[in-house]
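In case you want the letters, here they are:
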Amino acid sequence: MKKLLTLLVPLIFMSGLASCDNADQSTHNQSKHIIKVGTSPGPYSELFLSAIKPILEKEGYQITVIDFTNLRQADVALNDGDIDLNVDQHTAYYQDFNKSTGANLIGITQIPTVPAGIYGGKKKSLDKVAKGDTVAIPVDPSNTARAYTLLQKAGWLTFKEGTDLTKVSASDIAGNKYNLNIIEIDSATIPRSLADVDYAIIPGSVAYAASVDINSTLLAEDILEHLILVVTIKQVNEDSPWAKAVVAAYHSEQFKQYLSAHNQHNYWFIPPALR
């Protein structure tokens, strides 16, 4: 028995040291959490990397960037836990993704947003609109609704009484003043189609990615609440220290100062909570 105890005591001691080391390492990893950001082409990822990343790094976080060619791929990775967050979508988009896939994504804070706008194709002025003009709009449900709402703002469409502007579609049109030929196509292809249509509605991120001059917008949308961009994460991470740190960074004085210096011509719509 004494010999057995002689052998066991060192092993128990070493095991205790290993446990302490693991606990210390776990605490260290938590305090120096690596935040995996899924980026997509557009201004929102760039804004995060140029303005929010430095704030988080000062707090001891390490930012790992994983690029995606489209937003749906990023949401799949987010739901699978391969990334921690994405900053390239609005509430309507992730809710549609949740509904179609059974995912559990949430938005934790609104962020600056570039409005969608009507852009000139063959015609360069809204005053030139005429009977039978062709207007290209995005085909995905959330951006389709915002496009129809923008055409209403222009005075070109009216909707049936009681229409929900967050879900408006072609079937809700009550009046088409100019008998417009409205074609729904993939938003990423709209900038390449400008020469073939009279007008087009392009989301801000798509215009940015395609190097379309956003200052050439003929009419900008009034952004509805569900179309303001948000930091999107998996719901299970909502109360994590790193998620709270990201929210704090967007609401920080340092970020406000950055926006003040980088928002010429009101390029960004800044949500009231961030002003």
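Anyway, here's the lowdown on the structure attached to this text. (Residues numbered from 1 in each chain as written. Predicted model: local features only at pLDDT ≥ 70, side-chain atom pairs only at ≥ 80, totals over all residues. Heavy atoms only, no water.)

We now examine the overall build of the protein. When helices and strands are counted, the protein shows eight helices and 12 strands. In the protein, buried positions account for 45% of the 275 residues. Considering only intrachain contacts with a sequence separation of at least 6, the fraction spanning at least 24 residues in the protein is 73%. A total accessible area of about 14,200 Å² is found for the protein, and carbon and sulfur atoms account for 53% of it. (Helix = DSSP H or I, 4+ residues; strand = E, 2+ residues; numbered from the N terminus. Buried < 20%, exposed > 50% of the residue type's maximum accessible area, 1.4 Å probe, protein only. Contact = heavy atoms within 4.5 Å. Areas by Shrake-Rupley, 256 points an atom, 1.4 Å probe, with all protein chains shown as cover.)

A word on helix 3 (residues 71-80). Three or more residues of helix 3 are buried, namely Leu 71, Ala 74, Asp 75, Ala 77 and Leu 78. Down the axis, helix 3 shows its buried residues gathered within 160° of arc, on one side only. Buried residues belonging to helix 3 abut strand 3 (85-90), helix 4 (91-101), strand 4 (105-110) and strand 12 (229-234). By the N-cap criterion, in which a side-chain oxygen at the helix start approaches the backbone nitrogen of a residue two or three places on, helix 3 is capped by Asn 70, the distance to Arg 72 being 3.1 Å. Positive backbone phi, at 85°, marks Gly 81, one or two positions downstream of helix 3. (Arc of directions from axis to C-beta. Polar contact = N/O pair within 3.5 Å; in protein donor to acceptor, adjacent residues only side chain to side chain.)

Okay, the nonpolar core next. Residues Ile 35, Phe 48, Leu 56, Leu 85, Tyr 250 and Phe 255 are the most contacted members of the largest nonpolar core, which totals 42 residues. Secondary-structure elements contributing two or more residues to this core are strand 1 (34-39), helix 2 (43-58), strand 3, strand 10 (199-202), helix 6 (204-209), strand 12, helix 7 (241-250) and helix 8 (253-261). With seven residues, helix 2 is the single largest residue contributor to this core. Counting residues in hydrophobic clusters, the runner-up holds 19 residues, among them Ile 118, Val 135, Leu 157 and Ile 182. (Core = buried A, V, L, I, M, F, W, Y, C linked by side-chain atoms within 4.5 Å.)

All right, on to the sheet that holds strand 11 (residues 219-220) then. The strand order across the open sheet built from five strands is 9-6-10-5-11, with neighbouring strands paired in mixed fashion. Strands with a single pairing partner mark the edges of an open sheet, and in this sheet they are strand 9 (181-185) and strand 11. Taken together, the two bridges between strand 6 (residues 134-138) and strand 10 define a ladder with parallel strand orientation. Note on strand 10: the bridge partner recorded for Val 135 is Tyr 199. (Pairing = 2+ DSSP bridges.)

So, about the packing of aromatic side chains. Tallied over the entire structure, the rule returns five aromatic pairs. Ring geometry for Trp 156 versus Tyr 199: centroids 5.1 Å apart, planes at 55°, classification tilted. Here Trp 156, found in the loop between helix 5 (141-153) and strand 7 (157-159), pairs with Tyr 199, found in strand 10; they are 43 residues apart in sequence, far enough to count as distant. Looking at Trp 156, the relative accessible area reads 4%, which means it is buried. Put simply, the rings of Tyr 44, Tyr 267 and Trp 268 touch in pairs and so form one group of aromatic residues. (Phe/Tyr/Trp six-rings, centres within 6.5 Å; stacked < 30°, edge-to-face > 60°.)

All right, on to the environment of Ser 187 then. Secondary-structure assignment places Ser 187 in the loop between strand 9 and strand 10. Residues Ser 187 and Pro 138 lie 49 residues apart in sequence; the distance between their C-alpha atoms is 4.5 Å. Filtering out sequence-adjacent residues up to four positions away, Ser 187 remains in contact with Pro 138, Asp 140, Pro 203 and Val 206.

Using the criterion set out here, one finds four salt bridges in the structure. Residue Lys 53 is joined to Glu 57 by a salt bridge in which the shortest nitrogen-to-oxygen separation is 2.8 Å. Of the two residues, Lys 53 and Glu 57 are both situated in helix 2; the distance of four residues between them amounts to about one turn of the helix. Glu 57 gets classed as partly exposed once you look at its relative accessible area, which sits at 36%. For Arg 146, the salt bridge identified is with Glu 221, shortest N-O distance 2.4 Å. Within this pair, whereas Arg 146 is found in helix 5, its partner Glu 221 is found in the loop between strand 11 and strand 12, the two being separated by 75 residues in sequence. As far as burial versus exposure is concerned, Arg 146 and Glu 221 are alike and both buried. (Salt bridge = Lys/Arg side-chain N within 4 Å of Asp/Glu carboxyl O.)

One can expect most non-glycine residues to show negative phi and most peptide bonds to be in trans. In this structure, Asn 179 takes a positive phi of about 50° despite not being glycine. With respect to the helices and strands, Asn 179 occurs in the loop between strand 8 (173-176) and strand 9. In this structure Asn 179 comes out as exposed when scored by relative accessible area, which is 55%. Although it is not a glycine, Ser 211 sits at a positive phi angle of roughly 60°.

Turning our attention to the packing of helix 2 against helix 7. Orientation of helix 2 relative to helix 7, taken along the N-to-C sense of each, is 120°, at an axis distance of 9 Å. Looking at the two axes, helix 2 sits oblique to helix 7. Note that helix 2 runs across helix 7; the crossing there is right-handed. From helix 2, Phe 48, Ile 52, Ile 55 and Leu 56 reach across to helix 7, where they touch Ala 245, Val 246, Ala 249 and Tyr 250. (Axes fitted to C-alpha atoms, helices over the stretch in contact; angles between N-to-C directions. Parallel < 35°, antiparallel > 145°, perpendicular 65-115°, else oblique. Left-handed = near helix turned anticlockwise from the far one by under 90°.)

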